[in-house]
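This is what each chain is made of:
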Amino acid sequence: MYRFLLTPRWWGINLFAVLAIPFCVFMGTWQLGRFEDRVQTHEQAQEQPAPGSRAAEPLDDLLPVDKVTSGRPATATGRYADQFLVPGRELDDRSGFYVLNMLRTDGGKALPVVRGWLPGKAGQTAVPAAPTGEVTVTGDLQASENAGTAGVDPAGGLPDGQLGMISAASLVNLVPYDVYDAWVTLQDTDSESTAAKNSGATALRPVPAVAPQGSGLDLKAFQNLGYTGEWFVFAAFVLFMWFRLVRREAEAARDVRLGLAAERDADSA
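Conventions we followed
- Residue positions are given per chain, counting from 1 as you read along its sequence in written order.
- For a predicted model such as this one, the threshold for reporting local features is a pLDDT of at least 70, and the threshold for listing and counting side-chain atom pairs is 80 or more; totals across whole chains, interfaces and linings nevertheless cover every residue.
- Excluded from the side-chain calculations are hydrogens and water; all other atoms, namely the structure's heavy atoms, are used.
- Numbered from the N terminus, helices here are DSSP runs of H or I no shorter than four residues, and strands are runs of E no shorter than two.
- Contacts are assigned to residue pairs with any non-hydrogen atoms lying within 4.5 Å of each other.
- Burial here depends on accessible area, computed with a 1.4 Å probe over protein chains only, as a share of the maximum for the residue type. Under 20% is buried, over 50% is exposed, and the range in between is partly exposed.
- Paired strands, as defined in this entry, are two strands with at least two bridges between them according to DSSP.
- Two aromatic rings, drawn from Phe, Tyr or Trp (for Trp, its six-membered ring), form a pair once their centres lie within 6.5 Å of each other, and the interplanar angle then sorts them: stacked below 30 degrees, edge-to-face above 60, tilted otherwise.
- Geometrically, a charge over a ring is one whose NZ (Lys) or CZ (Arg) sits within 6 Å of the ring centre while staying within 35 degrees of the ring normal.
- Salt bridges are identified by distance alone: a Lys or Arg side-chain nitrogen within 4 Å of an Asp or Glu carboxyl oxygen.
- Side-chain atoms within 4.5 Å are what join buried Ala, Val, Leu, Ile, Met, Phe, Trp, Tyr and Cys residues into a set we call a nonpolar core.
- Patches in this entry comprise residues that are over 30% relatively accessible and not in a salt bridge; like charges within 9 Å are linked, as are nonpolar side chains (Val, Leu, Ile, Met, Phe, Trp, Tyr) within 5 Å.
- To measure how exposed things are, a 1.4 Å probe is used in the Shrake-Rupley method; for residues, cover is taken only from the protein chains shown.

Draft legend 1. Fine view of the overall build of the chain. Counting its regular elements, the chain contains 6 helices and 6 strands. Helices and strands in the chain line up, N terminus first, as α-β-α-β-β-β-β-α-β-α-α-α. Within the chain, contacts between residues at least 6 apart in sequence are counted, and of these 66% link residues at least 24 apart.

Take a look at the structure:
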C-alpha cells in the first residue's frame, strides 16, 4: 500500500520533510538558547553590587568594555580638552543634553567624559566651564553607543560642537587625537556645581550609568522566546502535513485496489 513512497514525486516530498523538520528544530533550539542567555545575563546583572559600593579601578584595567566591566567605576588622569554637547537626551522625563569633554590622558589618548546633564536646548543654555589643569576623574564606565542606543541621533547634520552619538567612531573624525572606545559618566558633580554657581550657569546633574545592551529582559529577549515557539510549530506542521499526505495517498491507492475509484483519479489525487 505504501509503495508510492518510493516514487520520484514522493522522494522529493520525503527529502523536504527530512531536511525541514531538523532545520526547524535546530532554529527553535538556537532561539531558545538566545533567550536563556539573556535570562542568565540579566540574573548576573541583578547580582552585581551597586555602583557606589564598588571600588574604582584604573581605566586600562577595565578595558575593553564588556557586560562585566560596564558600569564599573573607572579612574583616569589628564587634562580636559575639546567639549561637545550631546542633544536630545532625557533625564527624569525632561528633555536636555549631555555635556561631554575629552580628557587627554598622559598617554595622549583621550577619554570621553560626560560631566553631566542640563535641561533645555544645546547651544542655547549656559554650560559650566570644565576644570582646568590636571584632574583625576572617577566615573562609571560605559561602552560606545551605536545606532540602536536610546537617545542617539545617527542622522548627523548637527551644528559644530554637537555630537549625536558617543562613540570612538564618531569622535575620531572630530578631534586630532586617538580616542578610547569607551566613555565614563561622572556621578560626583559637587565640584561642577561649585563652578556653575561661580559662573551663573545651571548646575550639572549626573547621568546614571545604563546596563549594557543585551543584559536585560527586554523586548528582544521575548522575541527570541516567541521565535522559539514559531520554529517548533513549523516543525510540527511539516510533520503533520507529511502524515496527512501519506494517509491521503494510501487511501486513494486502497480505493483503486478495491475498484472504488479509477486509477486515473488516484494518480491525480
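Let's pick the thread back up.
Draft legend 2. The side chain of Thr185, seen in detail. On the secondary structure map, Thr185 appears in strand 6 (residues 183-186). Note on Thr185: relative accessible area 0%, which makes it buried. Leave out the neighbours within four places in its chain, and Thr185 touches Val114, Gly139, Asp140, Gln142, Val207 and Ala209.

Draft legend 3. Examining the environment of Val25 more closely. Secondary-structure assignment places Val25 in helix 1 (residues 8-47). By relative accessible area, which is 36% here, Val25 ends up partly exposed. Spatially, the C-alpha atoms of Val25 and Ala235 are 6.4 Å apart, while their sequence positions differ by 210 residues. In contact with Val25, not counting residues within four places along its chain, are Phe232 and Ala235.

Draft legend 4. Expanded view of the pairing of strand 3 (residues 94-105). With 9 of 12 residues buried, strand 3 lies mostly within the body of the structure. As paired strands, strand 2 (residues 73-91) and strand 3 are joined by 11 bridges and run antiparallel to one another. Within strand 3, the position partnered with Phe84 by the bridge is Leu100. Linking two consecutive strands that pair antiparallel, namely strand 2 and strand 3, is a turn of 2 residues; a positive phi of about 55 degrees is found at Asp92 within it.

Draft legend 5. Structural detail: the environment of Ala147. Relative to the helices and strands, Ala147 is located in the loop between strand 5 (134-142) and helix 3 (168-171). Residues Ala147 and Gly164, 17 residues apart in the sequence, show an inter-C-alpha distance of 9.7 Å. If we ignore the near neighbours within four places in the chain, the residues touching Ala147 are Val152, Pro154 and Met165.

Draft legend 6. Just the packing of aromatic side chains, in detail. What the rule picks out here adds up to 4 aromatic pairs. Each ring, one from Phe35 and one from Phe222, has its centre 6.2 Å from the other, and the planes form 55 degrees; the classification is tilted. Of this pair, Phe35 sits in helix 1 while Phe222 sits in helix 5 (residues 219-257), and the two are 187 residues apart along the sequence. Since its relative accessible area comes to 15%, Phe35 is described here as buried. For the ring pair Trp231 and Phe234, a centre distance of 5.7 Å and an interplane angle of 90 degrees mean the geometry is edge-to-face. Of this pair, Trp231 and Phe234 both sit in helix 5, 3 residues apart, which is roughly one turn of that helix. On the basis of relative accessible area, Trp231 is assigned to the partly exposed category, the value being 21%. Assessed through its relative accessible area of 41%, Phe234 is described here as partly exposed. Counting every residue linked through ring pairs, the aromatic cluster contains Phe23, Trp231 and Phe234. Directly above the aromatic system of Tyr177 lies the positively charged group of Arg104, at a separation of 4.1 Å from the ring centroid.

Draft legend 7. Representation of the pattern of salt bridges in the model. Per the counting criterion, the structure on display carries 4 salt bridges. Residue Arg9 pairs with Glu249 through a salt bridge whose shortest N-O separation is 3.0 Å. Of this pair, Arg9 sits in helix 1 while Glu249 sits in helix 5, and the two are 240 residues apart along the sequence. Here Arg9 falls in the partly exposed class, since its relative accessible area comes to 47%.

Draft legend 8. The nonpolar core, seen in detail. Membership of the largest hydrophobic core comes to 18 residues, with the highest contact counts inside it found for Phe84, Tyr98, Leu100, Met102, Val114 and Ile166. Elements with a contribution of two residues or more to this core: strand 2, strand 3, strand 4 (110-119) and helix 3. Residues Leu62, Val65, Leu111 and Val184 belong to the second largest nonpolar core, which totals 17 residues.

Draft legend 9. How the structure looks around a nonpolar patch on the surface. Taken together, the side chains of Leu15, Val18 and Leu19 define a hydrophobic patch exposed on the protein surface, amounting to about 310 Å² of accessible area. Mapped onto the secondary structure, Leu19 falls in helix 1.

Draft legend 10. Broad picture of unusual backbone geometry. Following Leu63, the chain continues into Pro64 via a peptide bond in cis, with omega recorded as -5 degrees. Summarising the element assignment, Pro64 is placed in the loop between helix 2 (59-62) and strand 2. If you check the backbone angles, Asp92 has positive phi at about 55 degrees while not being a glycine. Structurally, the position occupied by Asp92 is in the loop between strand 2 and strand 3. Given a relative accessible area of 53%, Asp92 falls into the exposed group. With phi around 65 degrees, Asp93 is a residue other than glycine that occupies positive phi space.

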